[in-house]
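These are the residues of each chain, in order.
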Amino acid sequence: MEINDLKTMHPEHWMKACAIRTLALDAVAAANSGHSGMPIGMADVATVLFENHLKFDATAPDWADRDRFILSAGHGSMLLYALLHLTGYQDMTLDQIRNFRQWGAITAGHPEYGHAKGIETTTGPLGQGLANSVGFAIAEEVLRARYGKKVVDHHTYVIAGDGCLMEGISHEAIGLAGKQKLEKLIVFWDNNNITIDGTVDMADITNQVKRFEAAGWHVQDIDGHDPVAIDAAISAAKASHKPSMIACKTHIALGHAAQDTAKGHGALTNADQNAAAKAVWGWDHPAFTIPADIKAQWEDIGLRGTGARVAWEERFTNLSASRQNQFTREQNGGVPKRLSAVIKRFKAEISETAPKLATRSASEKALGVINPVMHETVGGSADLTGSNNTKSPDMGVHDPDNRKGRYLHYGIREHGMAAAMNGMALHGGVKPYGGTFMVFTDYARAAMRLSALMGIAPVYVYTHDSIGLGEDGPTHQPVEHLAMLRATPNMNVFRPADAVETAEAWELALGTTATPSVLSLTRQGLPTVRTAHKAKNLTAQGAYVLAEADGKRQAILIATGSEVSLAMAARDLLQADGIGTRVVSMPCWELFEAQDIGYRRRILPGGPVRVAIEAGVRQGWDKWLLGERGKESKAGFVGMDSFGASAPAEVLFEKFGITAEAAAAKVRDLLG
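Residues numbered from 1 in each chain as written. Predicted model: local features only at pLDDT ≥ 70, side-chain atom pairs only at ≥ 80, totals over all residues. Heavy atoms only, no water.

Q: Looking at this structure, how should I read the pattern of salt bridges?
A: Pairs can form between side chains of opposite charge once their charged atoms are near each other. This model, assessed by the stated rule, comprises 31 salt bridges. Of the charged contacts, one joins Arg495 and Glu563 as a salt bridge, the two residues approaching to 2.6 Å between their closest N and O atoms. One end of the pair, Arg495, is in the loop between strand S10 (492–494) and helix H22 (499–511); the other, Glu563, is in helix H23 (residues 563–576), with 68 residues separating them in the sequence. Here Arg495 and Glu563 have matching classes, each one buried. Three or more residues are tied together by salt bridges with common partners; here these are Glu140, Glu141, Arg144 and Arg403. (Salt bridge = Lys/Arg side-chain N within 4 Å of Asp/Glu carboxyl O. Helix = DSSP H or I, 4+ residues; strand = E, 2+ residues; numbered from the N terminus. Buried < 20%, exposed > 50% of the residue type's maximum accessible area, 1.4 Å probe, protein only.)

Q: Can you walk me through empty space enclosed by the protein in this structure?
A: Summary: where empty space remains is shown by rolling a probe the size of a single water molecule over the atoms. Throughout the structure, instances matching the rule amount to 2 cavities of 30 Å³ or more. Estimates place the volume of the largest cavity at around 90 Å³. Looking at the largest cavity, it is lined by 13 residues, and the ones nearest its centre are Asp67, Phe69, Tyr89, Gly118 and Glu120. Counting residues per element, the ones that place at least two in the lining of the largest cavity are strand S1 (68–71) and helix H5 (77–87). Looking at the second largest cavity, its volume works out to about 30 Å³. Residues of the lining of the second largest cavity, tallied by class, amount to 5 nonpolar, 2 polar and 1 charged. (1 Å grid on protein atoms, 1.4 Å probe; cavity = no way out; pocket = protein on both sides within 12 Å on 5 of 7 lines; lining within 4 Å. Points joined across faces, edges and corners; volume = space filled by probe spheres on them. Nonpolar A, V, L, I, M, F, W, Y, C, P; charged D, E, K, R; others polar.)

Q: Mind showing me how you'd approach the environment of Ile222 here?
A: Of note, Ile222 is situated in strand S4 (residues 218–223). With residues up to four places along the chain from it excluded, the contact list for Ile222 reads Ala229, Ile230, Ala233, Ile246, Ala247, Cys248 and Lys249. (Contact = heavy atoms within 4.5 Å.)

Q: Where do I start with the environment of Lys55 in this structure?
A: Inspection of the secondary structure puts Lys55 in the loop between helix H4 (43–53) and S1. When residues no more than four places from it in sequence are discounted, the contact partners of Lys55 are Trp63, Asp65, Arg66, Asp67, Asp153, His154 and Ala308. Within polar-contact distance, the side chain of Lys55 engages the backbone oxygen of Asp153 at 2.8 Å. (Polar contact = N/O pair within 3.5 Å; in protein donor to acceptor, adjacent residues only side chain to side chain.)

Q: Which parts of the structure should I look at to understand the packing of aromatic side chains?
A: Counting across every chain of the model gives 19 aromatic pairs. Ring centres of Phe56 and Tyr89 lie 6.3 Å apart, and the angle between their planes is 5 degrees; this geometry places the pair in the stacked category. In this pair, Phe56 is assigned in the loop between H4 and S1 and Tyr89 in the loop between H5 and helix H6 (94–98), connecting sequence segments 33 residues apart. The class of Phe56 is buried, set by a relative accessible area of 3%. The class for Tyr89 is buried, based on a relative accessible area of 8%. Through pairs of rings, three or more aromatic residues link up here, namely Trp589, Phe592, Tyr599, Trp621, Trp624 and Phe637. Sitting over the ring of Trp589, Arg486 keeps its end group 4.0 Å from the ring centre. (Phe/Tyr/Trp six-rings, centres within 6.5 Å; stacked < 30°, edge-to-face > 60°. Lys NZ or Arg CZ within 6 Å of the ring centre and 35° of its normal.)

Q: Explain the state of the cysteines to me, please; I cannot follow it from the model alone.
A: Simply put, disulfide is the name for a covalent bond between the sulfur atoms of two cysteines. Inspection of every chain in the model, using the stated rule, returns 0 disulfides. In this structure Cys18 is not part of a disulfide, and its nearest cysteine sulfur, from Cys248, lies 18 Å away. (Disulfide = S-S within 2.5 Å.)

Q: Is there a simple way to think about the nonpolar core in this case?
A: The tendency in soluble globular proteins is for nonpolar side chains to be buried as a group. Counting residues in hydrophobic clusters, the biggest one holds 67 residues, and the most contacted among them are Met78 and Phe188. Per element, the largest residue contribution to this core is 11 residues, and it comes from helix H2 (residues 11–31). Dropping the residues within four chain positions of it, Phe188 is found in contact with Met42, Val45, Leu49, Tyr157, Val158, Ile159, Ala160, Ile234, Ile246 and Cys248. (Core = buried A, V, L, I, M, F, W, Y, C linked by side-chain atoms within 4.5 Å.)

Q: Hey, could you run me through the packing of helix H17 (residues 359–370) against H22 in this one?
A: Between two packed helices, what matters for the description is the angle formed by their axes and the separation of those axes. For the pair H17 and H22, the least separation of the axes is 9 Å and the interaxial angle reads 55 degrees. On the basis of the axis angle, H17 is oblique to H22. At the point where H17 passes H22, the crossing takes the right-handed sense. Residues Thr359, Ala362, Ser363, Ala366, Leu367 and Ile370 of H17 touch H22, and the partners they reach there are Ala499, Thr502, Ala503, Trp506 and Leu510. (Axes fitted to C-alpha atoms, helices over the stretch in contact; angles between N-to-C directions. Parallel < 35°, antiparallel > 145°, perpendicular 65-115°, else oblique. Left-handed = near helix turned anticlockwise from the far one by under 90°.)

Q: It is not clear to me how helix H13 (residues 292–303) should be interpreted in this structure. Could you clarify?
A: Three- or four-residue spacings in an α-helix give side chains the same orientation, since the helix completes a turn every 3.6 residues. With 12 residues, H13 should reach 16 Å at 1.5 Å per residue; the first-to-last C-alpha distance of 16 Å fits that figure. Listing the buried residues of H13 in full gives Ile294, Lys295, Trp298, Ile301 and Gly302. Projected down its long axis, H13 shows its buried positions confined to an angular sector of 110 degrees, all on one face. More than 90 degrees from the buried face of H13, the exposed residues found are Ala292 and Asp300. At its buried positions, H13 is contacted by H2, H4 and H5. (Expected span 1.5 Å × (residues − 1). Arc of directions from axis to C-beta.)

Rendered as structure tokens:
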């Protein structure tokens, strides 16, 4: 539909949409940075969605049963910021719009979760928002099955661009959504045929409509500027029993000199051209000025859902007190009171029986007592359920025939799984965890980084965490991955030594709401090293003394995971020679670093030689070997400095020199 037709046939719609356009144009020009064209091009779709369909209340932005709106094409952030300001979100003031992309403003270059109400997820890395939306929709399905439609019944809407659909994660996401028949998920594809380099066909010839159809989606192809067609398409999508994709043919930078060009994708800052565009739109107002009548119309849209919210609150109060409390606790991310007692009993049993268990098996046993207590956990695996040991018997498989199921078969989709877990965590009401092999953090990394950046708490269960996995060889043996994960801000990396530490790690991971957790677990069996039961969660301190030196303390062995038992064996060798040796188990560096200096000094006092033992690279270990009153002349490392090899685990540890004998020899060399 042409601009003149829109202005003539739909004048009120046109002016409301142009309020979005002018705010985007003005904010990007003022910042001399950003992306003007996408908000200008998708303003019609956004206006119809917010005015006629989106269930929300701008005065209650955290309402649990609101529809979710996700801007996967996060470079077009001014579309979202304009909508939030126009509809009356209290924190999205005009000053924030004016300060787009400036220090201290909530209007960051790409939408950032937590900066402002109404930003459901951090987007910018293309495809992530689309993949998050699958998790949002799964969480809605799980909660609707648990609490009923009177409490949970909402849609997830997404705007995705060409870049989102080119990114590989989109394939994982749309395949999973199609398989799960997520009928409450509706995606608008901004089909403007423009990328930074030029037209899409310079790099891609994919028929996206047929691609989505092949993945089991309901698909429509419309004029993305025709409000009648947009409205009808959304209504048809809501009536479908499949996830929906609406291909919206749009003009990037509609009405601007840069329309339908690569330049239109970026920052439109030429004052004369911007003035000309506003003239074409029929917008004759100063920069950042929205006429009172148009602002009032938008604010009415922001209040359109108030009645639905009030009715929901009345229905919610009709639930029993226990159901209300449970729902509220789950939405807030709290854990049930019983969890602590369940974990303590589990630990006591392990310490008493002292089994030899792979920590992946220990994790499975821990989940066997956790999941029946925490009904909000939603687990899964990327086609490695039997290897990751992530499914407990009580969960049931989640699929279109069993929405109450809490276990997801993600298929070979590590990246899509991690991003969907982010979406579930962001939605609230569920505690997602998912498993794969540790080495495949390489596939999941982009989504994991966003978990940390957003301050949300999915749990990544990563097994086969070292050369200890054996014969699968160096392609599957992680050596640098612990260092990579530990280098990520706001991420807790747990590498438990036995079943007791594994249970403690689970308790901590499930109890946090602002930090993602990685559980790095072994394939090979490990002896129980915590044979004396302690009710206190020692893993919460990050590191602790597992075995004290007999006699004068001359050496401290610091180890994680499977190498803690090696450190204990090395201690026996050294003590036999009269060398007093302390063993420190360090299951979580990040939590140890968070302890006060007095505690850290007690665990790692100056003086004795220090040797760290870990079947990974040394990178990062010097913080504990040379820092914290350590000295280079008194520090050593037993671990990996190369990729692994294909052989049985015990052979690999011997050949790579990760043995008790090697650790003891390192201590002796340092003592001179």
